[in-house]
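# Notes for the structure review
Listed below, chain by chain, are the residues.
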Amino acid sequence: MGVQRREFNKLCGGLLAGAASLSASKSVAETKQYTRSALVYEDESPVTVSSLVPGTSCIFSYPYVATPCFVIRLRKSAVAADGWQGGVGEDQSVVAFSAICSHKMSHPAKPISHINFRDEKINFYTQGKEQELDQLISCCSEKSVYDPANGAAVLSGPAPAPLASISLEVNGDGQLYAVGSSGRNQYERFMDKFGFRLAMEYGLSDVRTEVGESTIAVLAEKFSSQQIRC
Ligand code: FES
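Structural notes, computed from the coordinates. (Residues numbered from 1 in each chain as written. Predicted model: local features only at pLDDT ≥ 70, side-chain atom pairs only at ≥ 80, totals over all residues.)

## With respect to the overall build of the protein
What the protein contains, in helices and strands, is three helices and 15 strands. Counting across all 230 residues of the protein, residues that qualify as buried make up 42%. In the protein, the proportion of contacts linking residues at least 24 apart, taken out of those at least 6 apart, comes to 63%. (Helix = DSSP H or I, 4+ residues; strand = E, 2+ residues; numbered from the N terminus. Buried ≥ 20, exposed ≤ 12 C-beta atoms within 10 Å, placed from the backbone. Contact = placed C-beta atoms within 7 Å.)

This is the structure:
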């Protein structure tokens, strides 16, 4: 990717980050289109809505090979709001978000992940009140909690903005495609900060390599050898 494109992305990222910082609980509507990429399993079979087990999450790369995302099949519907598309599939239960925490960019790495989808109930504090809820994304680095059924809105912790949402499409066979990203764009900052390690981990000569027409989804507990849960 050329320098001009990177500079453009940086500019967009800065603008979106500024907009997102207006509120930690609201999604931002601007969507940047990237390559339409089919989600496939390691054996190249398609990731369909029905193939995802409710209450589980997979990690896939988007929009760059080295930028991890969650695709989650919730046990409930996720209704569109504030420019966020909501869940896809007949029951609107499938959602996708960047897995890069908006606080200090903790993310799933192959040896370990501090940010995870939690199907079971977890305890956290919202405005001084203890909560116990399930179906959330928890970042144990500094205990931010996001609600994937509500655009990854921040429920607790120091995260300044929701996770970036990944726009999904579903074809007639139920196969999922990632087509864009909206909300807090911190991909450039992420690759600047972790580029050397990411290039090694993903075997890339250019860490800014975008995904192609397909991207592999792996069960989160298989993607990272160790998941930190708090
Ligand atoms: S990096 Fe996720 S809460 Fe700090």
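## Brief notes about unusual backbone geometry
The omega torsion of the bond from Tyr62 to Pro63 falls at -10°, within 30 degrees of zero and hence cis. Examined against the element boundaries, Pro63 turns out to sit in the loop between strand 2 (56–61) and strand 3 (68–73). In this structure, Asp82 is a non-glycine residue whose phi angle is positive, near 55°. For Asp82, the position within the fold is in the loop between strand 3 and strand 4 (94–98). Unusually for a residue other than glycine, Gln135 sits at a positive phi of about 60°. Looking at where Gln135 falls in the secondary structure, it is placed in the loop between strand 8 (129–133) and strand 9 (136–139).

## Thoughts on the sheet that holds strand 9
Strand order in the open sheet formed by four strands is 6-9-10-11, with antiparallel pairing between adjacent strands. Across the chains shown, the open sheet's two edge strands, defined by having one partner strand only, are strand 6 (115–118) and strand 11 (153–156). Going across the sheet, the axis of each strand differs from the next one's by a mean of 30°, ignoring polarity. (Pairing = 2+ DSSP bridges. Axes fitted to C-alpha atoms, helices over the stretch in contact; angles between N-to-C directions.)

## Quick notes on the pairing of strand 3
For strand 3, the buried fraction is high: six of the six residues fall into the buried class. In strand 3, alternate side chains face the same way, and those of Pro68, Phe70 and Ile72 on one face and Cys69, Val71 and Arg73 on the other are all buried. As paired elements, strand 2 and strand 3 share six bridges and run antiparallel to each other. Within strand 3, the residue paired with Phe60 across the bridge is Cys69. Between strand 2 and strand 3, which pair antiparallel in sequence order, lie six residues. In this sheet, strand 4 lies alongside strand 3 in antiparallel orientation, the contact comprising five bridges. Residue pairing in the sheet places Val71 in a bridge with Ala96 of strand 4.

## Considering the nonpolar core
Of all hydrophobic cores here, the largest spans 54 residues; its most connected members are Ile59, Cys69, Phe70, Val71, Ala96, Phe97 and Tyr146. With residues up to four places along the chain from it excluded, the contact list for Val71 reads Leu39, Ser57, Cys58, Phe60, Val94, Ala96, Leu176 and Ala217. (Core = buried A, V, L, I, M, F, W, Y, C linked by C-beta atoms within 7 Å.)

## A word on helix 2 (residues 187–202)
Taking 1.5 Å as the rise per residue, helix 2 with 16 residues should run 22 Å; its terminal C-alpha atoms sit only 16 Å apart, a clear shortfall. Maximum bend of helix 2: about 80°, positioned at Phe194. When we look at burial in helix 2, the residues that qualify are Tyr187, Phe190 and Leu198. One or two steps after helix 2, the chain reaches Gly203, where phi turns positive at roughly 65°. (Expected span 1.5 Å × (residues − 1). Bend = angle between axes of the 7 residues up to and from the residue.)

## Remarks on the environment of Cys140
The residue Cys140 is located in the loop between strand 9 and strand 10 (144–147) in this model. Once the C-alpha coordinates of Cys140 and His114 are considered, the two residues, 26 residues apart in sequence, prove to be 5.2 Å apart. Not counting the four nearest positions on each side in its chain, Cys140 is found in contact with His114, Ile228, Arg229 and Cys230.

## Section: the pairing of strand 2
Counting buried positions over the six residues of strand 2 gives five, a clear majority of the element. With three bridges connecting them, strand 2 and strand 14 (residues 214–219) associate as antiparallel partners. The residue of strand 14 that forms the bridge with Ile59 is Val218.

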